[in-house]
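Examination of the molecular architecture
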Amino acid sequence: MTVAARLAELGIELPPVVPPVAAYIPARAHGDVVQTSGQLPMVAGELPATGKVGAEVTADDAKGLARQCALNALAAAADAVGGVDRITGVLKVTGFVASVPSFTGQPGVVNGASEVLGEIFGDAGRHTRSAVGVPVLPLDAPVEVEVAFLFE
């Protein structure tokens, strides 16, 4: 099954590529890897939530935002390599969670990204990962995710 067909089966429509907010490009391919820049959970050009996980944003809401980050990353990667069906799997996910100092659930938040990539790619979506708590992210986003995808 193609990635596009799997997305359709799951009822997932990839968002448009989020334009950069600074001096970088959304994704770059090298060899058989396409690496995305950190993706915020933008929806239609807006952040659906701002603030820190464990204060203004719940862990469950942040998990949903991490899912959106992963879909934004997939859209950026697909754009960089000429289409989503060229993406063959996931190599690594790095998630950053802006959280209060006492919050230790960063891995659960970043599961939002990992789980949707697993739904889309199956076994090829298994990846290495880091989930890091940080004091603040660009635009006061609660979460940011970057992904290294494999492609052919």
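Computed from a prediction, not measured in an experiment: that's the story for all the values here. (Residues numbered from 1 in each chain as written. Predicted model: local features only at pLDDT ≥ 70, side-chain atom pairs only at ≥ 80, totals over all residues. Heavy atoms only, no water.)

Our focus in this paragraph is the packing of aromatic side chains. Scanning all chains against the criterion turns up one aromatic pair. For the ring pair F121 and F149, a centre distance of 6.3 Å and an interplane angle of 50 degrees mean the geometry is tilted. In this pair, F121 sits in helix 3 (residues 106-121) while F149 sits in strand 5 (residues 143-151), placing the two residues 28 residues apart along the sequence. Judged by its relative accessible area of 0%, F149 is buried. (Phe/Tyr/Trp six-rings, centres within 6.5 Å; stacked < 30°, edge-to-face > 60°. Helix = DSSP H or I, 4+ residues; strand = E, 2+ residues; numbered from the N terminus. Buried < 20%, exposed > 50% of the residue type's maximum accessible area, 1.4 Å probe, protein only.)

It is worth spelling out helix 2 (residues 59-81) at this point. Between its first and last C-alpha, helix 2 extends 33 Å over 23 residues, near the 33 Å set by a 1.5 Å rise per residue. One or two residues past the end of helix 2 sits G82, with phi positive at roughly 95 degrees. (Expected span 1.5 Å × (residues − 1).)

This paragraph deals with the pairing of strand 4 (residues 128-134). On a regular strand, each side chain points to the face opposite its neighbour's, so the side chains alternate between the two faces of the sheet. Looking at chain direction, strand 3 (residues 87-98) and strand 4 are connected through seven bridges and run parallel. Paired with V93 across the two strands is R129, which belongs to strand 4. Handedness of the strand 3-helix 3-strand 4 crossover: right-handed. (Pairing = 2+ DSSP bridges. Right-handed = clockwise from strand over helix to strand, strands pointing away.)

Before going further, it helps to spend a moment on the pattern of salt bridges. Enumeration according to the criterion identifies three salt bridges in this entry. Here E9 ties to R6 by a salt bridge, and the two come within 2.2 Å at their closest N and O atoms. In this pair, E9 and R6 both sit in helix 1 (residues 3-10), three residues apart, roughly one turn of the helix. Accessibility expressed as a relative area gives 51% for E9, which makes it exposed. Taking the relative accessible area as the measure of exposure, R6 reaches 23% and is therefore partly exposed. Here K63 ties to E115 by a salt bridge, and the two come within 3.2 Å at their closest N and O atoms. With K63 in helix 2 and E115 in helix 3, this pair connects stretches of sequence that are 52 residues apart. (Salt bridge = Lys/Arg side-chain N within 4 Å of Asp/Glu carboxyl O.)

In space, the five strands of this open sheet follow the order 1-2-5-3-4, with mixed pairing throughout. Among the strands making up the open sheet, the edge pair consists of strand 1 (27-30) and strand 4. Strand-to-strand twist in this sheet, taken as the mean axis angle between neighbours without regard to direction, amounts to 15 degrees. Relative to strand 2 (residues 33-36), strand 1 runs antiparallel, the two being bridged by four bridges. Among the inter-strand pairings, A27 is bridged to a residue of strand 2, identified as T36. Where helix 3 meets the sheet, its contacts fall on strand 3, strand 4 and strand 5, and the angle it forms with strand 3 comes to roughly 165 degrees. (Axes fitted to C-alpha atoms, helices over the stretch in contact; angles between N-to-C directions. Contact = heavy atoms within 4.5 Å.)

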